[in-house]
Amino acid sequence: FIILNSDNTKNIQDQFNFLNKEMAAAKEKLVFLVYHHPTFTLTSSHKWTEKRDFQLKVREFLMQNGLKISAILLGHDHITTLVEFGSIPVILAGAGRDVRSAKPVSFPEDGFQIETRYLAPQTQHYVRMDINSAADEAQLNVVRVSDNAMVCAATLRQNTMTLSSNCKP
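Keep in mind that what you see is a predicted model, and the values were worked out from it rather than measured.

Quick notes on the rules
- Residues numbered from 1 in each chain as written.
- Predicted model: local features only at pLDDT ≥ 70, side-chain atom pairs only at ≥ 80, totals over all residues.
- Heavy atoms only, no water.
- Buried < 20%, exposed > 50% of the residue type's maximum accessible area, 1.4 Å probe, protein only.
- Helix = DSSP H or I, 4+ residues; strand = E, 2+ residues; numbered from the N terminus.
- Pairing = 2+ DSSP bridges.
- Contact = heavy atoms within 4.5 Å.
- Axes fitted to C-alpha atoms, helices over the stretch in contact; angles between N-to-C directions.
- Expected span 1.5 Å × (residues − 1).
- Arc of directions from axis to C-beta.

## Quick word on the pairing of strand E4 (residues 80–85)
Moving residue by residue along a regular strand, the side chains alternate between the two faces of the sheet. By the criterion of burial, E4 is predominantly enclosed, with six of the six residues buried. One ladder, built from six bridges, connects E4 with strand E5 (residues 88–93); its direction is antiparallel. Across the sheet, Thr81 pairs through a bridge with Leu92, a residue of E5. Here E4 hands over to E5 after two residues, with Gly86 in that stretch at a positive phi of 65°.

Right under this line is the structure:
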């Protein structure tokens, strides 16, 4: 897990120097990039331009190194959804409270096809990730908070997200 601070606008270049160094040293099959603000606009509540300079650096990094990222973990938008930025799986799990409405997205931008794969209903959900390092994969379970029911399961392998049949749109 490599964690960046998308709120800190004073050290963006330092963060990306760190990221590039960590990626070059990473030998693991599963590498997760974590930061708060989505790199593309996924809801009407927040636009990617809130953190423009940071996100432009992320886009540049992903164009050059996206195949090395197993998935990106995000928050901020107060929804729970599984999305793809091109071929990069994205887990947005920001619906712990104050859940907002959202619609699935599908649009091209800046060389990426942004595509919703699963959007949780407008109630509180979280995503549990169980990593199986022996199989070089992670199991994602979208869980409804009210009753702890798993409503969608997906499997992550290097740069691939496969959804189970229970992930109904």
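## Quick notes on the sheet that holds strand E2 (residues 32–34)
Sheet architecture is open: seven strands sit in the order E1-E2-E3-E5-E4-E7-E6, paired in mixed fashion. Across the chains shown, the open sheet's two edge strands, defined by having one partner strand only, are strand E1 (2–3) and strand E6 (106–109). Sitting on the sheet, helix H2 (residues 52–65) is in contact with E2, strand E3 (71–74), E4, E5, E6 and strand E7 (112–119), with an inclination near 95° to E7.

## Quick notes on helix H1 (residues 12–25)
The end-to-end C-alpha distance of H1 is 20 Å, a good match for the 20 Å that 14 residues give at a rise of 1.5 Å each. Regarding H1, the residues found buried are Ile12, Gln15, Phe16, Leu19 and Met23. Considered in projection along H1, the buried side chains sweep an arc of 95° and stay on one side of the axis. Relative to its buried face, H1 has exposed residues pointing more than 90 degrees away, namely Asp14, Lys21, Ala24 and Ala25. Packing partners of the buried residues in H1 comprise E1, E2 and H2.

## Let's talk about the side chain of Gln15
Position of Gln15 relative to the elements: it lies in helix H1. Judged by relative accessible area, which is 8%, Gln15 ranks as buried. Among residues more than four places away in sequence, those in contact with Gln15 are Leu4, Asn5, Asn8 and Phe54.

## Focus: the environment of Ala71
Turning to its location among the elements, Ala71 is positioned in strand E3. Separated by 79 residues in sequence, Ala71 and Met150 place their C-alpha atoms 20 Å apart. Those residues in contact with Ala71 that lie beyond four places of it in its chain are Val31, Phe32, Leu33, Pro89, Ile91 and Leu156.

## A word on H2
Over its 14 residues, H2 runs 20 Å from end to end, which matches the ideal 20 Å to within 8%, given 1.5 Å per residue. Turning to H2, its buried residues number three or more, namely Phe54, Gln55, Val58, Arg59, Phe61, Leu62 and Asn65. For H2, the angular spread of the buried residues around the axis is 165°, confining them to a single face. Exposed and facing more than 90 degrees away from the buried side of H2 are Asp53, Met63 and Gln64.

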